[in-house]
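For reference, the chains in residue letters:
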Amino acid sequence: MSDTTHDGAVALSTPPSTDDGLNAAETATKYGLTVSGARPGLFEYVRQLWGRRHFIMAFSRAKLTAQYSQAKLGQLWQVATPLLNALVYYLIFGLILGTRKGMTQEVFIPFLVTGVFVFTFTQSSVMAGVRAISGNLGLVRALHFPRASLPISFSLQQLQQLLFSMIVLAVVAVAFGSYPGLSWLLIIPALVMQFLFNTGLAMIMARLGSKTPDLAQLMPFVMRTWMYASGVMFSIPVMLKDKPDWIANVLQYNPAAIYMDLIRFALIDGYGSENLPSHIWVVALAWAVLVGVVGFVYFWKAEERYGRG
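Now for a description of the structure that goes with this document. (Residues numbered from 1 in each chain as written. Predicted model: local features only at pLDDT ≥ 70, side-chain atom pairs only at ≥ 80, totals over all residues. Heavy atoms only, no water.)

**Examining the packing of aromatic side chains**
Each aromatic ring pair is described using two quantities: the centre-to-centre distance and the angle formed by the ring planes.
Step number 1: The tally for this structure, following the rule as stated, stands at 13 aromatic pairs.
Step number 2: Sitting above the plane of the Phe145 ring, Arg147 keeps its charged end 4.8 Å from the centroid.
Step number 3: Across the ring face of Phe111, the terminal group of Arg264 is positioned such that the distance to the ring centre comes to 3.5 Å. (Phe/Tyr/Trp six-rings, centres within 6.5 Å; stacked < 30°, edge-to-face > 60°. Lys NZ or Arg CZ within 6 Å of the ring centre and 35° of its normal.)

If you want it as structure tokens, here you go:
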């Protein structure tokens, strides 16, 4: 547009903007602008995670390979470490303290090794979750991706490590008289539920650990207490038969004990259903869904704050 002044000069004028009267939020909406790093909606977040599934798998495999890359025995330590722990627990608790009450030697040793391997799965997932954000700030600040990819990939890493250990666990079970049968297939749903539970718990710990790095120093004490309370080295109903029933119920229905007992029941011929609490499969599923969903939503709520400050 142009206007002619009284002396014949021509002056240019700016046409009125169509954005006049719009506030910042309305202008951003008009042009499809969004806040950098803003948290997406929950379903959009799930969609983004699915789109990063190849990254999650590749990252978990890379972390697993690198974990023991400096050790001469390499990935054999994935199996050797829990086996050595089981040997120590057998010497202390099985032989010296006599915690194998009510079980024969053929049942107790697979019972103990199973407990150590399965609890280590949860323990390692929690410890990795605590450091998932605080220990990978460079990656978090450099790249844009759903931050839940990190605790999920760490849980996957621990699942892959457990699967290596399950080969040794199967050998131990067979060596002590428990042979493969249809019941061994029950290990699959038990591990799936434990993985969902571990992932949800890892997400909770990842959010807490992102703002409180000292939590990583406290968690080994918490996990050790949880291990002793979950019947890794002893049968809870046998050892607590002279105690009030509610104590044994609390310990038996805690999720770590639930998943250990399910895999023991599936794997060990002499470990029958009489050793399991009532409705154990329902309880196992409830723990997996509850902690998995709550952990995911709790982590998602703080998505835009990870790596800042």
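**Thoughts on the nonpolar core**
Step number 1: Counting 86 residues, the largest nonpolar core has Phe119, Leu150, Met219, Tyr259, Leu262 and Phe299 as its most contacted members.
Step number 2: Per element, the largest residue contribution to this core is 15 residues, and it comes from helix 5 (residues 105–130).
Step number 3: Each residue touching Tyr259, except ones within four places of it in the same chain, is listed here: Val118, Ala190, Met193, Gln194, Phe197, Ala284, Trp287 and Ala288. (Core = buried A, V, L, I, M, F, W, Y, C linked by side-chain atoms within 4.5 Å. Buried < 20%, exposed > 50% of the residue type's maximum accessible area, 1.4 Å probe, protein only. Helix = DSSP H or I, 4+ residues; strand = E, 2+ residues; numbered from the N terminus. Contact = heavy atoms within 4.5 Å.)

**Remarks on the pattern of salt bridges**
Step number 1: Tallied over the entire structure, the rule returns 2 salt bridges.
Step number 2: The partner of Arg47 in a salt bridge is Glu44, with the nearest N and O atoms 2.6 Å apart. You can see Arg47 and its partner Glu44 sitting in helix 2 (residues 42–51), 3 residues apart, about one turn around the helix.
Step number 3: Assessed through its relative accessible area of 52%, Arg47 is described here as exposed.
Step number 4: Arg264 serves as the salt-bridge partner of Asp261, at 3.5 Å between the closest nitrogen and oxygen. In this pair, Asp261 and Arg264 both sit in helix 12 (residues 255–267), 3 residues apart, roughly one turn of the helix.
Step number 5: Owing to a relative accessible area of 1%, Arg264 belongs among the buried residues under this scheme. (Salt bridge = Lys/Arg side-chain N within 4 Å of Asp/Glu carboxyl O.)

These results come straight from atomic positions and should not be treated as a statement about function.
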